Amino acid sequence: MDIYKLTAMHYVEDHLPDKIKAIFAPGAAVNALYPPEEWLIETGAPPVKAWYTIQRMAYEKGFIRDSLIGPCRVMFFDLADIVGLYREELIHHPYKLYGMEG
């Protein structure tokens, strides 16, 4: 697995600017099947997969250690380090993080 399975990242997405949130907003047809008050559904794709940028940054900072459990690659890290890194980038550089700056 990689960081895109880390649902805890959503806990800091209240810092996402509305312009970025709009990319992920589902349309009426999706909301009819999955009411927003019951489900978190994302349907769009920004220019850059921001969580992979966070993953790369976390490796560079030494926050992630790779290992194996049997033949499976696993990542070990302190959850607060990874989510905190994402939070800081959302606060200070959200458009750059999502490839929308420029």
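Coordinates for the structure precede this section.
Everything numeric in this text was worked out from a predicted model, so none of it was measured.

Our focus in this paragraph is the packing of helix H3 (residues 50-60) against helix H4 (residues 79-92). Axes are the key here: two packed helices are described by the angle between their axes and the distance separating the axes. Where H3 meets H4, the closest approach of the two axes is 10 Å, and the angle between their N-to-C directions is 120°. By the angle between their directions, the pair H3 and H4 is classed as oblique. As for the relative orientation of H3 and H4, their crossing is right-handed in sense. For the pair H3 and H4, the contacting residues are Trp-51, Ile-54, Met-57 and Ala-58 in the first and Ile-82, Leu-85, Tyr-86 and Glu-89 in the second. Considered class by class, the residues forming the contact of H3 with H4 number 7 nonpolar, no polar and 1 charged.

Attention shifts here to the pairing of strand E2 (residues 72-76). It is a general feature of regular strands that their side chains alternate between the two faces of the sheet. By the bridge criterion, 5 bridges tie strand E1 (residues 65-69) to E2 in an arrangement that is antiparallel. Across the sheet, the residue bridging to Asp-66 is Met-75, located in E2.

Next up on the list: a nonpolar patch on the surface. A cluster of nonpolar residues, Leu-33, Tyr-34 and Trp-39, forms a patch on the protein surface that exposes about 350 Å² of accessible area. Positionally, Leu-33 belongs in helix H2 (residues 28-33).

Another point: the packing of aromatic side chains. Tallying each qualifying case throughout the model produces 5 aromatic pairs. A ring pair is formed by Tyr-4 and Trp-51, whose centres lie 5.2 Å apart and whose planes are at 40°; its orientation type is tilted. Highlighted residues: Tyr-4 in the segment before helix H1 (18-24) and Trp-51 in helix H3, separated in sequence by 47 residues. Note on Phe-24 and Tyr-98: the rings are 6.1 Å apart at their centroids and 75° apart in plane angle, and the pair reads as edge-to-face. Here Tyr-98 lies in the segment after helix H5 (94-97) and Phe-24 lies in helix H1, a separation of 74 residues in the sequence. Owing to a relative accessible area of 13%, Phe-24 belongs among the buried residues under this scheme. Residue Tyr-98 is classed as buried on the basis of its relative accessible area, which comes to 3%. Note that Lys-49 overlies the ring of Tyr-4, its terminal NZ or CZ placed 5.6 Å from the centroid.

With that settled, consider H4. Taking 1.5 Å per residue as the helical rise, H4 with its 14 residues ought to reach 20 Å, and the 20 Å between its terminal C-alpha atoms agrees with that figure. Those residues of H4 hidden inside the fold are in contact with H3 and H5. Between the side-chain oxygen of the N-cap and the backbone nitrogen of Ala-80 there are 2.9 Å, and the N-cap of H4 in question is Asp-78.

Opposite charge on two side chains permits pairing when their charged atoms draw close. Enumeration according to the criterion identifies 3 salt bridges in this entry. As a salt-bridge pair, Arg-56 and Glu-60 come within 3.1 Å of each other at their nearest N and O atoms. In this pair, Arg-56 and Glu-60 both sit in helix H3, 4 residues apart, roughly one turn of the helix. When its relative accessible area of 43% is taken as the criterion, Arg-56 is described as partly exposed. Across the pair Arg-87 and Glu-88 runs a salt bridge, and its minimum N-O distance is 3.2 Å. Overall, the relative accessible area of 33% leaves Arg-87 in the partly exposed class.

Here is what the cut-offs are and how they apply
Residues numbered from 1 in each chain as written. Predicted model: local features only at pLDDT ≥ 70, side-chain atom pairs only at ≥ 80, totals over all residues. Heavy atoms only, no water. Axes fitted to C-alpha atoms, helices over the stretch in contact; angles between N-to-C directions. Helix = DSSP H or I, 4+ residues; strand = E, 2+ residues; numbered from the N terminus. Parallel < 35°, antiparallel > 145°, perpendicular 65-115°, else oblique. Left-handed = near helix turned anticlockwise from the far one by under 90°. Contact = heavy atoms within 4.5 Å. Nonpolar A, V, L, I, M, F, W, Y, C, P; charged D, E, K, R; others polar. Pairing = 2+ DSSP bridges. Patch = residues over 30% accessible without salt bridge, like charges linked within 9 Å, V, L, I, M, F, W, Y side chains within 5 Å. Areas by Shrake-Rupley, 256 points an atom, 1.4 Å probe, with all protein chains shown as cover. Salt bridge = Lys/Arg side-chain N within 4 Å of Asp/Glu carboxyl O. Phe/Tyr/Trp six-rings, centres within 6.5 Å; stacked < 30°, edge-to-face > 60°. Buried < 20%, exposed > 50% of the residue type's maximum accessible area, 1.4 Å probe, protein only. Lys NZ or Arg CZ within 6 Å of the ring centre and 35° of its normal. Expected span 1.5 Å × (residues − 1). Polar contact = N/O pair within 3.5 Å; in protein donor to acceptor, adjacent residues only side chain to side chain.

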